[in-house]
Amino acid sequence: MKSIGIITLFTLIGITACKDSDHSSRYPNDSYHGMSHRSVMYFAPSHDEKVKEFLLGVLTNECALQERDVVTLVITEDGFSFPGWAKDMFDYSALIKTYGINRDEHAAVLIGKDGSEKLRWGAETDWNLVTKTIDAMPMRQAEMKRAASRCSI
């Protein structure tokens, strides 16, 4: 099931990256058909310490991200990507243009299940803010009513 969500994310991003777009806060109407996941896209000029810190944060918060249906993508101008095969599917230049990212900056974008941008930040990721932002979303509120957290100790 996770692979279906990843394929859906990459299909939507691929369509988005091919569009000539001003910095839109929403997936284009013709590419959004109701997503089954939320997305965090992390952009960087190179595979540096900030990228490694982000990936460590993804690993550390894996349960919370999975519970919230978050799919993560890291793509750098120097060719690094996570997952590794993503670099073959996406045009970095088109993605940063679509999301209004400067080539020399680290930036991340949280996209909700409705396809709209929910949060944007720089090199440092505050995972508590990310999860609180997601938990405040109406769709997430409904999800929390249906099932208790499986990540609690």
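Residues numbered from 1 in each chain as written. Predicted model: local features only at pLDDT ≥ 70, side-chain atom pairs only at ≥ 80, totals over all residues. Heavy atoms only, no water.

Some points on the state of the cysteines
Okay, so step 1: Throughout the structure, instances matching the rule amount to one disulfide.
Okay, so step 2: The disulfide partner of Cys 63 is Cys 151, and the S-S distance across this bridge is 2.0 Å. Residues Cys 63 and Cys 151 are joined through a disulfide that is left-handed, its torsion about the S-S bond being -95°. Of this pair, Cys 63 sits in helix H3 (residues 62-67) while Cys 151 sits in the segment after helix H6 (138-146), placing them 88 residues apart in sequence. (Disulfide = S-S within 2.5 Å. Helix = DSSP H or I, 4+ residues; strand = E, 2+ residues; numbered from the N terminus.)

Observations concerning the pattern of salt bridges
Okay, so step 1: Scanning the model with the defined rule gives 13 salt bridges in all.
Okay, so step 2: Taking the shortest distance from any N to any O, the salt bridge between Arg 120 and Glu 117 comes out at 2.8 Å.
Okay, so step 3: When the shortest N-O distance is used, the salt bridge between Glu 143 and Arg 140 registers 3.5 Å. Taken together, the residues Glu 143 and Arg 140, both in helix H6 and three residues apart, mark about one turn of the helix.
Okay, so step 4: Classification of Arg 140 by relative accessible area gives buried; the value is 5%. (Salt bridge = Lys/Arg side-chain N within 4 Å of Asp/Glu carboxyl O. Buried < 20%, exposed > 50% of the residue type's maximum accessible area, 1.4 Å probe, protein only.)

Comments concerning the nonpolar core
Okay, so step 1: Grouped together as the largest cluster of nonpolar side chains are 18 residues, with contacts concentrated most on Tyr 42, Phe 54, Leu 110 and Trp 121.
Okay, so step 2: Elements supplying a minimum of two residues to this core: strand E1 (38-44), helix H2 (49-60), strand E2 (70-76), strand E4 (107-111), strand E5 (117-121) and helix H5 (127-135).
Okay, so step 3: Broken down by element, the residue count for this core peaks at four residues, all from H2.
Okay, so step 4: Beyond its immediate sequence surroundings of up to four residues, Phe 54 is in contact with Val 40, Tyr 42, Val 74, Thr 125 and Trp 127.
Okay, so step 5: Of all hydrophobic cores here, the second largest spans 14 residues; its members include Leu 73, Ile 96, Val 109 and Ile 111. (Core = buried A, V, L, I, M, F, W, Y, C linked by side-chain atoms within 4.5 Å. Contact = heavy atoms within 4.5 Å.)

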